[in-house]
Each structure stands twice: as C-alpha cells, then as structure tokens.
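Next come the chains, spelled out residue by residue.
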Amino acid sequence: MQNTNIDINKTMWVGILCSIERVWFVCTGNTCRSPMAEVLFRKLAQERGLDIEVASAGVYAAPGAPASSGAKRAVRKWGVSLDDHRARSTEEMRFGPGDLVLTMTRRHRDLLLAQHPHLEGRVHVLKSFVGHPADPDVADPFGGSDSHYLQTAQEIYDLLPLLIQKLENENRLEMVMKRVAVGCDHAGFVLKPTVLETLEQERCQVLDCGTFSAESVDYPDFGAAVAKKVVSGEADFGIVICGTGIGISVAANKVSGARAALCHDTYSARMSRAHNDANILALGARVIGPGLAQEIIRAFLNEPFEGGRHQKRLQKIAELEEGRI
Ligand code: RB5
C-alpha cells in the first residue's frame, strides 16, 4: 500500500500580488466628484509618467448623463475638461482583476460591494486609502455654488499626489481577494493546472496541498488536508478534485465545519454559495473539461452567501456535526 500521508509542511502559498492596471473613481451619479477625480488623476498621472488607466462610474448613475456644470467649471482651473464626459453606472461595469476602485464615501464603497461582492479587497474609500482615515468621505457638492464645486475639486486634487505616490511605490498592491486551498488525487491531477491558472486569473492566493504527480494516491488524504485548511481559517475556500469529485467531497465533508459541494454546472456552483455557504468546491476531472471547470470556479468564488433563512439550516448542519440532533 502506498504511503499517501501528506507532509503539510511541503505545501506552499503561491501567487499573491496583483498589478494595478486601472484606477476607478466611484461616486453617486458620476456627474461631479468621480469624473473630476478621473480627469485630474489622468492629468497628474501623465505628468508623472505613471502608466495606469483611469475611469469613473456612479453607484446610482443615469448612464449617458453629462457632468454637472459646476464640475465642468471647477476642473478648468487645472486646464482639463469634462465637456465630453458621459456618466456610467457601476451596475453595468465589469471590473477586472487589475482594477483598484476608489470611492468618494464609505456609503459608495458599501453600495458597490453589494452590487459586486467579488470586489472585496479591491474597493477602498479614497481618503482612507491615501492615509486620511479620519473624516474619510469627500462631501457631495451637488446643488452647491461654484465655490463648493471648486472646494471639492481642490480637496480631490490635493489627495491625488498621495495616491500617485502610493501607486508608484506599491504598484503591486496587496489585493488578495481570497485564499484558496487546492487538493486532488491522481485522477484529479490533470485538472489541477486549470484550477491553479483560474485562481491566478482571479487573483487568489493559492495553497497547493498536492498531490504533485499522477502517481496513484488516496483521495481522502487530500480532501481532508484541504478541508482542514478551510475549517482552521488558513484558507477562505477549498477546491478538491478527484476523478468524479465524489470520493474527495465525501472525505472533505467528514471534517467538521467543511461544506463541500460537488458541482458540475455553474447554477449549482452559485447556489452552493448562495444557499449553502459552501466553503469547498469539488470537481470531477473525468466528468468535466477545463473550460467548464473554469466557469464553475468563477461562479463559485464570486457568489456571496445569502444568509437569512439559509443561516438557520446551516446551524442545523452544525448541530448534526456536534451530535446534538
Ligand atoms: C480514482 O481512480 C477515483 O476512484 C477517484 O479519483 C475518485 O473518482 C473517487 O471518487
């Protein structure tokens, strides 16, 4: 019989930091604060030779709306124009892994995260991000006089050198969204490169718990190793792979606190998160191909738990584990 005990010390965290390719500024309607930040940042970044894209959007924006006249007049002080600006709604935006999103207020951050939960870790309040944690909100000049707009534009403008300096120093910002432990047996090994690649694309921190070759091993060892990493809190999620996904999910689920879901379609993957708060995704490498596996992983990682009525059902599962029911 082969010795398939895993020396967990041999596992290692791989992949971590993410280059920032684009900065988003977000406010409410994308007609004053965030577009002013966008054009002012673009000007300063160009002057400093910082190669980074910039965009803006609003959590409640009416797409296509022009910038407010006060904002248009205010930014002229810096020789930039908002004449061609058209509002964009964050609801319609697809944010990429290299996106850093900076909101004008804490409320914008919370609303944006409610719209795009997968942005957790990449959304910050602008003032806090550049080191002004006290009074972190940039107030809305909407409906105010030209001097209000100018004051707000100046407030934003004064923050931007700090932001640019931070980006110059840390253009590989730590934006790890999720820590994911991965484990497979010999049959799942063929799918592991796809899983690791997908996790890298999703900018996850990955703990590879093996196996590390196609040599025959026993799936319970790897299911348990991943589940223990998740339950202990060392990893936020796990992905386990065997031939069918069945054996390794059964094994993972024997670890108290593990909720491993075997999913071979994206609907199940989403529901396993939304309703079951699954913390481990199980895949069968002999059942699905790499393309579908990638979509399932993305669906799983990006779906939040709904809580509410589902919470009490999870509580019952926990009681079952404890032998209380
Ligand atoms: C290994 O041959 C296979 O039995 C295993 O990978 C898995 O499918 C078990 O459920």
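Our structure's up above, just so we're on the same page.
Peer 1: Help me get a handle on the packing of aromatic side chains, residues and values and all.
Peer 2: If you walk through the whole model with that rule in mind, you get four aromatic pairs. Summarising the aromatic geometry, the rings of Phe-237 and Phe-300 are spaced 5.6 Å apart at their centres and angled 75 degrees between planes, so their arrangement reads as edge-to-face. Note that Phe-237 is positioned in strand 8 (residues 237–242) and Phe-300 in helix 10 (residues 290–301), a separation of 63 residues in sequence. Each member of the pair Phe-237 and Phe-300 is classed as buried. Stacked on the ring of Phe-129, the Lys or Arg Lys-166 has its end atom at 4.6 Å from the ring centre.

Peer 1: How would you summarise the nonpolar core if you had to cite specific residues and measurements?
Peer 2: Within soluble globular proteins, side chains that are nonpolar generally end up buried alongside one another. Ranked by size, the top nonpolar core spans 38 residues in total, and within it Val-23, Phe-25, Phe-41, Leu-163 and Leu-167 carry the most contacts. Counting residues per element, the ones that place at least two in this core are strand 2 (22–27), helix 1 (33–48), helix 2 (69–75), strand 4 (99–103), helix 4 (126–129) and helix 5 (146–169). The element contributing the most residues to this core is helix 5, with nine residues. Ignoring sequence-local partners within four residues, the contact set of Phe-41 consists of Val-23, Phe-25, Leu-50, Ile-52, Val-54, Leu-160, Leu-163, Ile-164 and Leu-167. In terms of nonpolar packing, the next biggest core, distinct from the first, is built from 25 residues, Leu-191, Phe-237, Leu-281 and Ala-299 among them.

Peer 1: Quick rundown of the environment of Leu-314? Include the residues and the values.
Peer 2: Tracing the backbone through its elements, the reader meets Leu-314 in helix 11 (residues 309–321). Look at Leu-314 and you get buried, because its relative accessible area is 11%. Counting along the chain gives 38 residues from Leu-314 to Asn-276, while the straight-line C-alpha distance between them is 7.0 Å. Discounting residues that sit within four places of it in the chain, Leu-314 has contacts with Arg-259, Asn-276, Asp-277 and Phe-305.

Peer 1: Outline the site of the ligand, listing residues and values.
Peer 2: The local shell around the ligand consists of Asp-185, His-186, Ala-187, Tyr-219, Cys-242, Gly-243, Thr-244, Ile-246, Gly-247 and Arg-286. At a separation of 2.7 Å, an oxygen atom of the ligand approaches a polar backbone atom of Gly-243. Against a free-state accessible area of 290 Å², the protein chains account for coverage of 72% of the ligand. Partitioned by chemical class, the residues of the shell around the ligand number four nonpolar, four polar and two charged.

Rules of the game
- Residues numbered from 1 in each chain as written.
- Predicted model: local features only at pLDDT ≥ 70, side-chain atom pairs only at ≥ 80, totals over all residues.
- Heavy atoms only, no water.
- Phe/Tyr/Trp six-rings, centres within 6.5 Å; stacked < 30°, edge-to-face > 60°.
- Helix = DSSP H or I, 4+ residues; strand = E, 2+ residues; numbered from the N terminus.
- Buried < 20%, exposed > 50% of the residue type's maximum accessible area, 1.4 Å probe, protein only.
- Lys NZ or Arg CZ within 6 Å of the ring centre and 35° of its normal.
- Core = buried A, V, L, I, M, F, W, Y, C linked by side-chain atoms within 4.5 Å.
- Contact = heavy atoms within 4.5 Å.
- Near = heavy atom within 4 Å.
- Polar contact = N/O pair within 3.5 Å; in protein donor to acceptor, adjacent residues only side chain to side chain.
- Areas by Shrake-Rupley, 256 points an atom, 1.4 Å probe, with all protein chains shown as cover.
- Nonpolar A, V, L, I, M, F, W, Y, C, P; charged D, E, K, R; others polar.

Taken by themselves, the reported measurements are silent on function.
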